[in-house]
Amino acid sequence: MIQIETIETSSLGDRSYLATDGQLAVVVDPQRDIDRVLDLVEQRGLSLTHVLETHVHNDYVTGGLELAARTGATYVLPAGSDARFEHHAVEDGDVLEAGAIRLRVLHTPGHTHHHVSYVLEAAQGDGEGVIRAVFTGGSMLYGATGRTDLVSPADTDELTHAQFHSVRRIARELPAQTEVFPTHGFGSFCSATPTSGTASTVGEQLRANPALTMEEQQYVDTLLAGLDAYPAYYAHMGPINRSGPAPVDLSLPEPVDPAELRRRLEAGEWVVDLRQRTAFAAGHLPRSLNFELGSNFVTYLGWLYTYGEPLTLIGESEEQVAQARRELVRIGVDDLAGAAVGNIDALTDGQALRSYRVTNFAGLAAALQQAPVQVLDARRNDERAQGYVRGSQHIPLHELHDRLEEVPTGQVWVYCGSGYRASIAASVLDTPGREVVLINDSYDNAGKAGVEERPAEGDNPADSA
């Protein structure tokens, strides 16, 4: 009996998989923190024979190279990946075997040129296999497909057409009951459009996947029209994965005392406070930035952070710092400059803490009834296109640092889709001369509060102010 176990990395919207026949096992698209895989292999008493990559990843640093080295497993990558280390390259039609597990390679370009999917079969005595599942990486997702613009603008149109045909090939060649196991699509920006559900089959995708329900050009036009910005840290992932990531280090960073913490803040270094956004708003060190440790932490810190600059963490506990460290190594931020741990009042070194107000959309509505208010929308363009706070200025969070001079001094109210990105923006804006108000609320409540405006057809909401 072949079993497939999912290893979830919800902070990046990705999944890795372990397939086993009860004795031997293979792993597909492992994340950098391989201790989760090693623990699972040890707990089940398994021998790992293959580590498989569907493609060279753009949204995280792989743990595949180290995992293969630690276990003696064969490291498998698609031909054409340009990986600069020893590996076993596979092409369309190749077959890999591990006990009762048989994996057939399908070349499914689209997310990248070299992308492959792995069809899992339960090996039979005559050499044939019963198809059980397909590991689709960034090809067929749940109700969507992987984005096609990560290689280069010049390749995007070609790859989008290729993605259409790859998904159709999977649906054409595999039985309807075949279980689908994608790597991306659970919040990952590697998905071209939002996905739906947590499990699916090829048959279900025939009814739900745009590559299977639309004509080719309609699919291409729809996918290209829906592509928006993706995290800036993606630019670093492919090169790291091709050159071979260093072994992972999950140890705690060096402790930083209050005096040194103050020096780093005054020098303009990156100092990130991991505390919950309302705790940060109530009192924080001047010039520190708030990236609340949660499901969005690594995506947005990686998006805004300048790779290679000194990065110091502020945490309430060593456990909080350790979790942040784990998240950061997943995107190749390995060299932390240190961490300060404890109550924020004990870390001031004589500095006066800064603070700002926290409210909701109902509070904004009440303020607008009294007088005009400067409001900043920190959401992406695609979100803005669906509706926005009347009269608000729009600067997506990932553009804010470079456009700070566009935000007037004085009072500014900041919102996003949930409060998370707004809390980061508020910490960036919280400088002398500005009075920040954080709208810590779901954007769904903007309409209920009567402050939302929906753009008329043909309007460009990004220009609204």
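Given the structure is predicted, the values throughout are model-derived calculations rather than measurements. (Residues numbered from 1 in each chain as written. Predicted model: local features only at pLDDT ≥ 70, side-chain atom pairs only at ≥ 80, totals over all residues. Heavy atoms only, no water.)

A few points about the overall build of the protein
- Scanning the protein from N- to C-terminus turns up 16 helices and 22 strands.
- A globule of 465 residues ought to have a C-alpha radius of gyration of about 23 Å, and the protein, at 24 Å, matches this closely.
- Referenced to the eigenvectors of the C-alpha coordinate spread, the extents of the protein come out at roughly 80 × 55 × 35 Å.
- Residues classed as buried in the protein amount to 56% of the 465 residues present.
- On the protein, roughly 18500 Å² of surface is accessible, and the fraction owed to carbon and sulfur atoms is 47%.
- Side chains of the protein give 35 positive and 65 negative charges; the mean places of these two sets differ by 4 Å. (Helix = DSSP H or I, 4+ residues; strand = E, 2+ residues; numbered from the N terminus. Rg over C-alpha atoms; globule rule 2.2 N^0.38 Å. Buried < 20%, exposed > 50% of the residue type's maximum accessible area, 1.4 Å probe, protein only. Areas by Shrake-Rupley, 256 points an atom, 1.4 Å probe, with all protein chains shown as cover. Lys, Arg positive; Asp, Glu negative; His and termini not counted. Charge placed at Lys NZ, Arg CZ, Asp CG, Glu CD.)

Here's the deal with the environment of Arg-379
- Within the secondary structure, Arg-379 sits in the loop between β17 (375–377) and α13 (381–384).
- For Arg-379, a relative accessible area of 3% translates into the label buried.
- Sequence separation between Arg-379 and Asp-335 is 44 residues; the distance between their C-alpha atoms is 30 Å.
- Sequence-distant contacts of Arg-379, that is, excluding residues within four places in its chain, are made with Arg-384, Gly-387, Tyr-388, His-394, Pro-396, Tyr-415, Cys-416, Gly-417, Arg-421 and Tyr-443.
- Within the structure, the side chain of Arg-379 is placed 2.6 Å from the backbone oxygen of Gly-387, a separation counted as a polar contact. (Contact = heavy atoms within 4.5 Å. Polar contact = N/O pair within 3.5 Å; in protein donor to acceptor, adjacent residues only side chain to side chain.)

Looking at the packing of helix α10 (residues 297–304) against helix α11 (residues 318–329)
- Packing of α10 against α11 leaves a shortest axis separation of 10 Å and a crossing angle of 60 degrees. Classed by the angle they form, the pair α10 and α11 counts as oblique. In this structure, the crossing between α10 and α11 has a hand that is right-handed. Mapping the contact onto sequence places Phe-297, Val-298 and Leu-301 in α10 and Ala-324, Glu-327 and Leu-328 in α11.
- Residue composition of the contact of α10 with α11, by class: five nonpolar, no polar and one charged. (Axes fitted to C-alpha atoms, helices over the stretch in contact; angles between N-to-C directions. Parallel < 35°, antiparallel > 145°, perpendicular 65-115°, else oblique. Left-handed = near helix turned anticlockwise from the far one by under 90°. Nonpolar A, V, L, I, M, F, W, Y, C, P; charged D, E, K, R; others polar.)

Describing the environment of Glu-5
- In this fold, Glu-5 is placed in strand β1 (residues 3–9).
- It is 8.5 Å that separates the C-alpha atoms of Glu-5 and Thr-20, two residues lying 15 residues apart in sequence.
- Setting aside chain neighbours within four positions, we find Glu-5 in contact with Ser-16, Tyr-17, Leu-18, Leu-40 and Arg-44.
- In this structure the side chain of Glu-5 is engaged in a polar contact, spanning 2.7 Å, whose partner is the side chain of Arg-44.

A short note on the packing of aromatic side chains
- Scanning the model with the defined rule gives 18 aromatic pairs in all.
- Look at Tyr-300 and Trp-303: their rings are 5.7 Å apart centre to centre, the planes differ by 10 degrees, and that puts the pair in the stacked class. Remark: Trp-303 and Tyr-300 occur in helix α10; sequence separation between them is three residues, near one turn of the helix. For the pair formed by Tyr-300 and Trp-303, the shared burial category is buried.
- Put simply, the rings of Phe-189, Tyr-300, Trp-303 and Tyr-420 pair up and form one aromatic cluster.
- Geometry around Phe-186 places Arg-15 over its ring, the cationic atom sitting 4.0 Å from the centre.
- Over the face of the ring belonging to Tyr-443 we find Arg-379, whose NZ or CZ atom lies 4.2 Å from the ring centre. (Phe/Tyr/Trp six-rings, centres within 6.5 Å; stacked < 30°, edge-to-face > 60°. Lys NZ or Arg CZ within 6 Å of the ring centre and 35° of its normal.)

Remarks on the pattern of salt bridges
- All told, the structure shown has 33 salt bridges when counted by the stated rule.
- Arg-330 serves as the salt-bridge partner of Glu-327, at 3.1 Å between the closest nitrogen and oxygen.
- Residue Arg-330 is classed as buried on the basis of its relative accessible area, which comes to 5%.
- Where Arg-403 meets Glu-406, a salt bridge forms, and the shortest distance between an N and an O atom there is 2.9 Å.
- Among the charged side chains, a network of salt bridges with common partners joins Asp-33, Asp-35, Arg-36, Arg-326, Glu-327 and Arg-330. (Salt bridge = Lys/Arg side-chain N within 4 Å of Asp/Glu carboxyl O.)

Brief notes about the environment of Pro-432
- Structurally, Pro-432 can be placed in the loop between α15 (420–429) and β21 (434–439).
- The exposure class of Pro-432 is exposed, given its relative accessible area of 72%.
- The sequence separation of Pro-432 and Leu-311 amounts to 121 residues, and the corresponding C-alpha distance is 23 Å.

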